[in-house]
Amino acid sequence: MAAFYDPFMSSLEKVLTGHRQKLLQNTSGIVLEVGAGTGVNFSLYPDNVEVFAIEPSVPMYKRAVKAAANRPNIKIFNIGIEAVKNHQEFPDKFDFVTSMLVLCTVPDPQLAAHIYRDVLKDDGQLLVLEHIHATGRLYGKLQSFVNPLWRPIADGCNLTRRQDWILKNAGFKPIFENYFSLGTDWYEAVMIVESKMK
Ligand SMILES: C[S@@+](CC[C@H](N)C(=O)[O-])C[C@H]1O[C@@H](n2cnc3c(N)ncnc32)[C@H](O)[C@@H]1O
C-alpha cells in the first residue's frame, strides 16, 4: 500500500492539497500529526512549528522519515494514536492535532477522537480533513455495498464513517466546516477546524 499510496492519491490531491494548505499554514507551537502516511503534509507546516508525527505502519513510516529528512522541526514516531498518551518523549499537551484521512482507517475512531481531545490544550485546535460516507442516497448506498470489499484492499480504510459526528460526540465543536466533493460525488469530504467543548 505504501508504495502505491502517492500515485493512487495524485488525482485526489488536486483537490485535497489546497485544503491541506489552508489548514496547516496557520499552525504554531507544538503539533501532533496523526497517521502521517508518506509525509505528504510535512512541507506545508511553517518552519517554526514543532511537529510530532506518528505513523504505525512500518513501510509508511520509512517513507515519512525520508520526507522529513531536511526538516529538523519534524520528529516521527512509529506508533499509533493509542500509544500517544503518557509517551515519554511527547509533551503532555499540544497546540494543534491534525487528522487527515486517518479516522477512516483507525480501528477505533471513537477512542482516537477521545485521545485527540485529551492531548489538546484547552484552547488548542483539531484540524480535520477526512472523507465521509456520501450523503447522496445512491452513492451512500453504493459505498455501503462496496465497503466490505474495499476495506481489505485499502489497508482498513472505511467508506462508511461519519467522522464529523464522531468528533461532535467526543466533545468537539466546529469553528469552521467545509463539506466538498473530491471531484466526483462518489467521494465526499469535509475540512473542519474544531475546538474542544468547554
Ligand atoms: C489514508 S492514510 C493517510 C495518510 C496521510 N495522513 C494523508 O493525509 O495522506 C491513513 C494512515 O493512517 C494510519 N493509521 C492507521 N491506523 C492508525 C492508528 N491507530 N493511529 C495512527 N495512524 C493510523 C495508516 O497507517 C495510514 O498511514
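Notes on the structure in this doc start here. This structure is a prediction, so every number in the text was calculated from the model and none was measured. (Residues numbered from 1 in each chain as written. Predicted model: local features only at pLDDT ≥ 70, side-chain atom pairs only at ≥ 80, totals over all residues. Heavy atoms only, no water.)

Within the element layout of this structure, Gly-35 appears in the loop between strand 1 (30–34) and strand 2 (50–54). Taking C-alpha positions, Gly-35 is 7.2 Å from Pro-56, a pair spaced 21 residues apart along the chain. Not counting residues up to four positions away in its chain, the partners in contact with Gly-35 are Ile-54, Glu-55 and Val-102. (Helix = DSSP H or I, 4+ residues; strand = E, 2+ residues; numbered from the N terminus. Contact = heavy atoms within 4.5 Å.)

Taking strand neighbours across the sheet as the criterion, the seven strands line up as 3-2-1-4-5-7-6 in an open arrangement whose pairing is mixed. This sheet does not close on itself; its edge strands, each paired only once, are strand 3 (74–77) and strand 6 (172–181). Geometrically, the sheet is characterised by an average inter-axis angle of 15° between neighbouring strands, direction not taken into account. Pairing of strand 6 with strand 7 (residues 188–196) involves nine bridges; the strand directions are antiparallel. Each bridged residue has a counterpart across the sheet, and for Phe-176 the counterpart in strand 7 is Val-193. (Pairing = 2+ DSSP bridges. Axes fitted to C-alpha atoms, helices over the stretch in contact; angles between N-to-C directions.)

Looking at the ligand, there are 20 residues lining it, with Tyr-5, Arg-20, Gly-35, Glu-55 and Met-100 nearest. At 2.8 Å from a nitrogen atom of the ligand is found a main-chain nitrogen or oxygen belonging to Met-100. Out of a free accessible area of 590 Å², the ligand has 91% covered by protein chains. Here the shell around the ligand is built from residues that sort into twelve nonpolar, five polar and three charged. (Near = heavy atom within 4 Å. Polar contact = N/O pair within 3.5 Å; in protein donor to acceptor, adjacent residues only side chain to side chain. Areas by Shrake-Rupley, 256 points an atom, 1.4 Å probe, with all protein chains shown as cover. Nonpolar A, V, L, I, M, F, W, Y, C, P; charged D, E, K, R; others polar.)

What follows deals with helix 1 (residues 2–24). Taking 1.5 Å of rise per residue, the 23 residues of helix 1 would be expected to cover 33 Å, yet its terminal C-alpha atoms sit only 23 Å apart, more than 12% below that figure. The largest bend along helix 1 measures about 70° and falls at Leu-12. Along helix 1, the positions that sit buried rather than exposed are Ala-2, Tyr-5, Met-9, Leu-12, Glu-13, Leu-16, His-19, Arg-20, Leu-23 and Leu-24. (Expected span 1.5 Å × (residues − 1). Bend = angle between axes of the 7 residues up to and from the residue. Buried < 20%, exposed > 50% of the residue type's maximum accessible area, 1.4 Å probe, protein only.)

A few words on the nonpolar core. Leu-16 and Phe-42 are the most contacted members of the largest nonpolar core, which totals 36 residues. Looking at this core, the elements that each hand over two or more residues are helix 1, strand 2, helix 2 (58–67), strand 3, strand 4 (94–100), strand 5 (120–132) and strand 7. Sort the elements by how many residues they give to this core and helix 1 lands first, with seven residues. When residues no more than four places from it in sequence are discounted, the contact partners of Leu-16 are Met-9, Leu-101, Leu-129, Phe-180 and Leu-182. Core analysis: the next-biggest nonpolar cluster, separate from the first, contains 29 residues, Leu-32, Phe-90, Val-106 and Ile-166 among them. (Core = buried A, V, L, I, M, F, W, Y, C linked by side-chain atoms within 4.5 Å.)

Once that is clear, we can look at the pairing of strand 7. Taken residue by residue, a regular strand's side chains alternate between the two faces of the sheet. Taking burial as the measure, the nine residues of strand 7 include nine buried ones, the bulk of the element. Side chains of strand 7 alternate between two faces, with Glu-188, Val-190, Ile-192, Glu-194 and Lys-196 and Ala-189, Met-191, Val-193 and Ser-195 buried alike.

For Phe-90, the position within the fold is in the loop between strand 3 and strand 4. In this structure Phe-90 comes out as buried when scored by relative accessible area, which is 7%. Between the C-alpha atoms of Phe-90 and Asp-108, which are 18 residues apart in sequence, the distance is 22 Å. Setting aside anything within four residues of it in sequence, one finds Phe-90 in contact with Leu-32, Phe-52, Ile-54, Phe-77, Ile-79 and Val-84.

Bear in mind that shape data such as this cannot, by itself, settle questions of function.
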